[in-house]
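Examination of the molecular architecture
Okay, here's what each chain looks like letter by letter:
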Amino acid sequence: MADKGTHSHLGPISFAAMLVLAPALSTYGVFEARAALSLPASTFVPLPAEHDKAATHGMKTLVILLDGLRSDVAHALPNLNAIAARGAETEIEIVPPTISSPQYVAFLTGVAPADSGVRSNSGLYRIALDNVALRVQQEHAGITLEIGDDVDWWKTMFGPSFNEALLVKPAELLTTAKTKLRSIEFGLVHLCAVDNAGHEHGASGPEYAAAAHEVDEATLVLAQTWGWPNVNLVVISDHGHRPKGGHGSDDPDVRFTRMIVSGGMAKRAATAMGARSIDVAPTLAALLGVSAPAQAQGRSLNELLDVDDGQKNALAQSDSARLARIEPSLQHGRALAAKRERREQILRGAVLTIALAIVASLNWKRRIAVAGPFALGFLHLALTVATYGASFGALSFAAARLSTLLVRDVALFSFGWTIVLGVATYRHWTRAKREQLLAAATCASLGAGVLACASFVCAGVSSSRFTFSPAWVAAAPLVSFASYAAFAAGALALVVGREGVRAWREKTRLSSTSQVTPHP
């Protein structure tokens, strides 16, 4: 009898493990998926301390960052075109992921997100990398300033590299700039209206176009306040937006943006080929007349500068020397990060293998045909992914205007298909014994959780990971954990509902029986 009693509880235990504990971990994974893209620190170990002598004399420079502005929209703005006509411009490739904070770091340090360690907007920390603003302070004792109208991430990541980092209301930005820009050597003004419109309404709507024209007018006012065209002005965007809104993926709509270098040292009507976001920092350093950041992986876009051949050659040689100098440190840091990640993957894989073996053993003892329920769960996964893809496009961070919408829609599709498939097979599982039903639901959860299990092994939940591309792989934990958590909720609702209906029917039957008056 003891063995039988123990046997009767294995099904509920198995079911609870897969449909309660695992979904709880998956829900936690949803919240941590973006933050886990980032590393706790850069892959540069140790940080090189050498600096090359500045190759140009330089002059004060203002960067205007138009957050989220698509390249095609930027080319249709009259004031930006007028500024570009007084200088040079190029299309720059945003080194993935096309998320704001990683690009802010790339613009000032010249280090790609893969090596800076910053790959998301979550869990930001002080960046231990050399940067353009710091070079201005240390080499020229110059004043540096950042003004933003929406986020204070620059202060968080770069701290004292800016003498002042101000967050003001959009309506107060131009007034503040007119006061603050007069006595600085390097300034950065960050306008977020376009990005906010993209997230709220998408890039194809009138709201996005209106925001673009708003920042276009603000850019001209800022340029004139700064003293353009007699001094250097750089206008740039960190990413674009898809027509329906959203960024973070490798799509051309979000990966290529317009960069303008105008006035001052800019060479008229010039352009550059193969420019990348990591090339911005060395180019800014050349415009300012300071040495490039010590860990910069990019090159100075000399084609855009009106300097003599001797200075161009010096810049090119400086780039080559720096890249050769940082390579050993970079490779060493990458190897350490990859080794740590492989060790964590092996550990997570072992844990998952043991858990699946236990569940398989429990289901085998139920003598349940595991193939059918597993296939049903796998069908659920395929239907969820296919339905989302047909509705919104390929799954990635850019699949929705906001990550919250991506999670919501994936979860809704997953929950919906769980209910549909459950109702479609209702006749079969209402005849199943309670333990068989629980075991079948567990097997189905394995099929529905294939992607979640793979994401858990490859990327973990809250542990940082060295690899993160392509973009759909980076978004896989967010999507798979959301899908699996919703499946578990649906499966749990179906099983509990079935048990509730069964109990209600039994109660009704007993009540009816008790009300029947025995025939005398």
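What you see is a predicted model; the values in this text were computed from it and never measured.

1. Regarding the overall build of the protein
Of regular secondary structure, the protein possesses 19 helices and 8 strands. Considered along the principal axes of its C-alpha atoms, the protein spans approximately 115 × 50 × 35 Å. Counting over 520 residues, the protein shows a buried share of 52%. Taking all contacts inside the protein whose residues are at least 6 apart in sequence as the whole, residues at least 24 apart take part in 80%. By element, 63% of the accessible surface of the protein is carried by carbon and sulfur atoms, the whole surface being about 22500 Å². Positive and negative side-chain charges of the protein, numbering 46 and 42 respectively, have mean locations separated by a distance of 12 Å.

2. Brief notes about the packing of helix H8 (residues 173-180) against helix H10 (residues 206-226)
At a minimum axis separation of 10 Å, H8 and H10 run at an interaxial angle of 15 degrees. The angle between the axes of H8 and H10 places the two elements in the roughly parallel class. As H8 packs across H10, the resulting crossing turns out to be right-handed. For the pair H8 and H10, contact is made by Leu173, Leu174, Ala177 and Lys178 and by Ala218, Val221, Leu222 and Thr225, respectively.

3. Focus on the confidence of the model for the protein
When pLDDT is averaged across the protein, the result is 89; 92% of the residues are at 70 or more. In the model, residues 1-10 has pLDDT below 50 throughout and makes 8 contacts with residues more than four positions away in sequence or in other chains.

4. Quick word on a nonpolar patch on the surface
On the surface, a nonpolar cluster with roughly 240 Å² of combined accessible area is contributed by Phe374, Phe378 and Val450. Examined against the element boundaries, Phe378 turns out to sit in helix H14 (residues 371-392).

5. What to know about the side chain of Asn232
Position of Asn232 among the secondary structure elements: in strand E6 (residues 232-236). Asn232 gets classed as buried once you look at its relative accessible area, which sits at 0%. Excluding residues within four positions of it along the chain, Asn232 makes contact with Met59, Lys60, Thr61, Leu62, Trp226, Ser262, Gly263, Gly264, Met265, Ala266 and Leu287.

6. Some remarks on the side chain of Asp149
Within the secondary structure layout, Asp149 lies in the loop between strand E3 (144-148) and helix H7 (153-158). For the buried Asp149, no salt bridge exists, and the shortest N-O distance to an oppositely charged side chain is 13 Å, to Lys169. From its side chain, Asp149 meets the backbone nitrogen of Cys192 in a polar contact 3.1 Å long. Residues contacting Asp149, with those up to four places away along its chain left out, are Leu167, Val168, Pro170, Leu173, His190, Leu191 and Cys192.

7. Let's talk about the packing of helix H9 (residues 193-201) against H10
Orientation of H9 relative to H10, taken along the N-to-C sense of each, is 175 degrees, at an axis distance of 8 Å. The orientation of H9 with respect to H10, classified from their angle, is roughly antiparallel. Contacts from Ala193, Val194, Ala197, Gly198 and His201 of H9 reach H10 at Glu207, Tyr208, Ala211, Ala212, Glu214 and Val215. Within the contact of H9 with H10, the residues separate by chemical class into 7 nonpolar, 2 polar and 2 charged.

8. Quick word on the nonpolar core
Judged by nonpolar contacts, the single largest core of 49 residues is most densely connected at Ile92, Leu108, Trp154, Phe186, Ile236 and Met259. Counting residues per element, this core draws most heavily on helix H12 (residues 280-288), at 7 residues. Excluding anything up to four places from it in sequence, Met259 contacts Ala88, Glu89, Thr90, Ile92, Val234, Val235, Ile236, Val280, Thr283 and Leu301.

9. Focus on the pairing of E3
Where burial is concerned, most of E3 is hidden: 5 out of the 5 residues are buried. Here E3 shows a buried face lined by Thr144, Glu146 and Gly148 and a second buried face lined by Leu145 and Ile147. Relative to strand E5 (residues 186-191), E3 runs parallel, the two being bridged by 5 bridges. What sits directly across from Leu145, in E5, is Gly187.

10. Section: the sheet that holds strand E1 (residues 61-66)
Taken in spatial order, the 8 strands make up an open sheet running E4-E3-E5-E1-E6-E7-E2-E8, and their pairing is mixed. Bordering the open sheet on either side are strand E4 (164-167) and strand E8 (275-276), each of which pairs with just one other strand. The sheet contacts of H10 involve E1, E5 and E6, and relative to E1 the element is tilted by about 170 degrees.

11. Here's the deal with empty space enclosed by the protein
Counted under the stated rule, the structure contains 5 cavities of 30 Å³ or more. If you go around the largest cavity, you meet 15 residues; those closest to its centre are Val290, Ser291, Ala292, Leu315 and Ser318. When residues of the lining of the largest cavity are traced back to their parent elements, those giving at least two are H12 and helix H13 (309-365). Grouping the constituent residues of the lining of the largest cavity by class yields 8 nonpolar, 3 polar and 4 charged.

12. Comments concerning the environment of Ala76
Within the element layout of this structure, Ala76 appears in the loop between helix H2 (71-74) and helix H3 (78-85). Residue classification places Ala76 among the exposed residues on the basis of a relative accessible area of 54%. Taking C-alpha positions, Ala76 is 9.4 Å from His213, a pair spaced 137 residues apart along the chain.

13. Observations regarding the packing of aromatic side chains
By the definition in use, this model includes 7 aromatic pairs. Taking the centre distance of 6.1 Å and the plane angle of 85 degrees together, the rings of Tyr388 and Phe413 count as edge-to-face. Within this pair, whereas Tyr388 is found in helix H14, its partner Phe413 is found in helix H15 (residues 403-424), the two being separated by 25 residues in sequence. Taking the relative accessible area as the measure of exposure, Tyr388 reaches 1% and is therefore buried. With 6.4 Å between their ring centres and 15 degrees between their planes, Tyr484 and Phe487 make a pair best called stacked. Here Tyr484 and its partner Phe487 are both found in helix H19 (residues 471-515), 3 residues apart, which amounts to about one turn of the helix. Exposure class is identical for Tyr484 and Phe487. Each is buried. Each member of the aromatic cluster is reached from another via a ring pair, and the members are Tyr104, Trp153, Trp154 and Phe158. Just above the ring of Phe397 sits the side chain of Arg34; from NZ or CZ to the centre is 4.3 Å. For Arg86, the ring lying beneath its charged end belongs to Trp228, and the centroid distance is 5.8 Å.

What counts, and where the lines are drawn
Residues numbered from 1 in each chain as written. Predicted model: local features only at pLDDT ≥ 70, side-chain atom pairs only at ≥ 80, totals over all residues. Heavy atoms only, no water. Helix = DSSP H or I, 4+ residues; strand = E, 2+ residues; numbered from the N terminus. Buried < 20%, exposed > 50% of the residue type's maximum accessible area, 1.4 Å probe, protein only. Contact = heavy atoms within 4.5 Å. Areas by Shrake-Rupley, 256 points an atom, 1.4 Å probe, with all protein chains shown as cover. Lys, Arg positive; Asp, Glu negative; His and termini not counted. Charge placed at Lys NZ, Arg CZ, Asp CG, Glu CD. Axes fitted to C-alpha atoms, helices over the stretch in contact; angles between N-to-C directions. Parallel < 35°, antiparallel > 145°, perpendicular 65-115°, else oblique. Left-handed = near helix turned anticlockwise from the far one by under 90°. pLDDT = per-residue confidence, 0-100. Patch = residues over 30% accessible without salt bridge, like charges linked within 9 Å, V, L, I, M, F, W, Y side chains within 5 Å. Salt bridge = Lys/Arg side-chain N within 4 Å of Asp/Glu carboxyl O. Polar contact = N/O pair within 3.5 Å; in protein donor to acceptor, adjacent residues only side chain to side chain. Nonpolar A, V, L, I, M, F, W, Y, C, P; charged D, E, K, R; others polar. Core = buried A, V, L, I, M, F, W, Y, C linked by side-chain atoms within 4.5 Å. Pairing = 2+ DSSP bridges. 1 Å grid on protein atoms, 1.4 Å probe; cavity = no way out; pocket = protein on both sides within 12 Å on 5 of 7 lines; lining within 4 Å. Points joined across faces, edges and corners; volume = space filled by probe spheres on them. Phe/Tyr/Trp six-rings, centres within 6.5 Å; stacked < 30°, edge-to-face > 60°. Lys NZ or Arg CZ within 6 Å of the ring centre and 35° of its normal.

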